[in-house]
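Summary of the model geometry
So the chains spell out like this:
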Amino acid sequence: MKRTQVAIIGGGPAGLLLSHMLHLDGIDSVIIERQSREHVLARIRAGVLEDGTVQLLRSVGLGTRMDQEGKVHDGTLIAWQNRPTFLIDTKKYTGRQMMAYGQTAITQDLYAARDAVGGQIIEQASDVQLHDLTSATPSVTFQVDGEQHQIACDFIAGCDGFHGVSRLSIPGDILKTFERVYPFGWLGIMSETPPLEDIVYTQHERGFALASQRSPMLSRYYIQCRTDTDLAEWPDDRFWEELKARFPKELADQMVTGPSIEKSIAPLRSFVAEPMRYGRLFLAGDAAHIVPPTGAKGLNLAVSDVFYLHRAIETFYARGSSEHLDAYSATALNRVWGAERLSWWLTKLLHVFPDQEAFDTRVQQNEFDHLCRSEAAQAALAEQYVGLPF
Ligand code: APR
Ligand code: PHB
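Fair warning: this is a prediction, and the values are worked out from it, not measured in the lab. (Residues numbered from 1 in each chain as written. Chains lettered and ligands numbered in written order. Predicted model: local features only at pLDDT ≥ 70, side-chain atom pairs only at ≥ 80, totals over all residues. Heavy atoms only, no water.)

1. Description of the site of ligand 1
- If you check the shell around ligand 1, you find 24 residues, and the closest are Glu-33, Arg-43, Arg-45, Gln-103 and Asp-286.
- Interatomic distance of 3.0 Å between a backbone N/O atom of Ala-14 and an oxygen atom of ligand 1.
- Contacts to ligand 1 include Leu-299, whose backbone N or O atom sits 3.2 Å from an oxygen atom.
- With the chains in place, 90% of the 710 Å² that ligand 1 exposes on its own is no longer accessible.
- At the level of secondary structure, the elements contributing two or more residues to the shell around ligand 1 comprise α1 (13–24) and α9 (298–319).
- For the shell around ligand 1, the per-class residue count stands at 10 nonpolar, eight polar and six charged. (Near = heavy atom within 4 Å. Polar contact = N/O pair within 3.5 Å; in protein donor to acceptor, adjacent residues only side chain to side chain. Areas by Shrake-Rupley, 256 points an atom, 1.4 Å probe, with all protein chains shown as cover. Helix = DSSP H or I, 4+ residues; strand = E, 2+ residues; numbered from the N terminus. Nonpolar A, V, L, I, M, F, W, Y, C, P; charged D, E, K, R; others polar.)

This is the structure:
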């Protein structure tokens with residue numbers, strides 16, 4: 001039986017960042033991760049950071065590499081078929097900017113920060129189970145190499161993603177879930193080619209597409225695809241041809257194509273689990289919510305959850321107050337639903353739905369035309385896209 005103050009289930013961005021921030025306040029934690037570190041670091045995930053995420057990472061000593069390698073953007077472009085290109089101008093309307101810096105790099109930085117201070121990360125843990133969540137003495141059991149272990153703790157942070165065990169540890173008569181599954185996916189590739197200058201969403205009759213970036217020689221592109229798409233039917237040449245067909249010619253002509261070093265299909269869903277707390281268990285990140293990636297909110301929501309959860313736990317140990325623990329779920333969910341709404345709205349606006357009728361298309365076009373005409377609408381979008389203050 002080992003003991004720690006906070007047992008963290010999951011060593012992705014949420015779990016690693018929480019462990020790092022707790023350590024800075026002298027609070028002990030142990031991360032229990034199902035996969036190997038190599039597996040976690042091989043994941044290709046998000047790439048655009050809200051201003052709040054950038055500021056928080058800097059404030060906890062994780063800004064050096066980000067500021068060296070990340071790229072600041074005044075906003076993101078929307079290239080709508082046969083219309084002038086539009087900028088979600090976060091700098092003009094909020095004075096704040098976005099940062100293109102990959103989740104993989106952030107996860108590397110987090111692992112390095114934990115390693116530097118001897119942070120405890122248990123890898124390849126199986127059969128993870130949470131116990132006595134409504135008592136003052138919860139614990140976690142798990143196996144490593146066939147050997148059973150148990151860790152007693154004061155709190156359990158469920159940072160184990162959408163497919164984890166934590167959310168499922170909340171009784172079914174207490175947990176409420178809300179879900180919308182979209183009738184399309186994103187086919188994404190990574191290529192070692194110079195990206196476009198800007199991050200660009202396109203709205204096109206052939207479907208949505210996105211041009212993004214990870215570094216001056218690493219491009220990330222996506223095209224909307226059918227949910228039953230077979231990767232084998234999408235060799236690189238076909239992908240590049242379809243991607244360019246969905247962009248305005250002046251942007252398509254700027255694209256530098258090359259062999260893909262990663263290619264995958266992501267399903268799109270909106271999902272929220274309420275509450276994000278059950279006794280001494282607190283959910284953070286994908287364990288509690290999923291957004292369609294259209295608004296680049298997934299990673300940023302994990303960060304804001306961790307900001308609130310760290311503050312709650314720190315306040316408990318520092319002042320013996322449970323005020324932020326008791327408010328955690330409502331506080332986090334308010335921001336979660338704001339990101340869910342924005343992501344859902346952008347997904348509806350920018351994608352072609354299989355059952356879409358002419359009326360829907362006209363409404364989409366008018367929504368975009370209104371956005372282009374109305375500074376109030378532009379400001380409202382910009383403040384949500386750059387991220388509302390924590
Ligand atoms: N026990 C221990 N670890 C687990 C278990 C389990 N039963 N189930 C899952 N895990 C681990 C996964 O292997 C993963 O490393 O939990 C971690 C969860 O990490 P993420 O899925 O990355 O979720 P999170 O840390 O909340 O970060 C959210 O990641 O998936 C992206 O789009 C998402 O950008 C967002 C970010
Ligand atoms: C990415 O760079 O992977 C990315 C950018 C913007 C999004 C989603 C993903 O909205």
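2. Notes on the site of ligand 2
- Every residue near ligand 2 is listed here: Gly-47, Val-48, Trp-186, Tyr-201, Leu-210, Ser-212, Arg-214, Arg-220, Tyr-222, Pro-293, Thr-294 and Ala-296.
- The separation between an oxygen atom of ligand 2 and a polar side-chain atom of Ser-212 is 2.6 Å.
- Contact distances for ligand 2 include 3.3 Å between an oxygen atom and a backbone N or O atom of Thr-294.
- Alone, ligand 2 offers 280 Å² of accessible surface; in the complex the protein occludes 97% of this.
- Looking at the shell around ligand 2, the elements with two or more residues in it are β16 (209–215) and β17 (218–225).
- Looking at which element gives the most residues to the shell around ligand 2, the answer is β16, with three residues.
- Of the residues belonging to the shell around ligand 2, the class tally is seven nonpolar, three polar and two charged.

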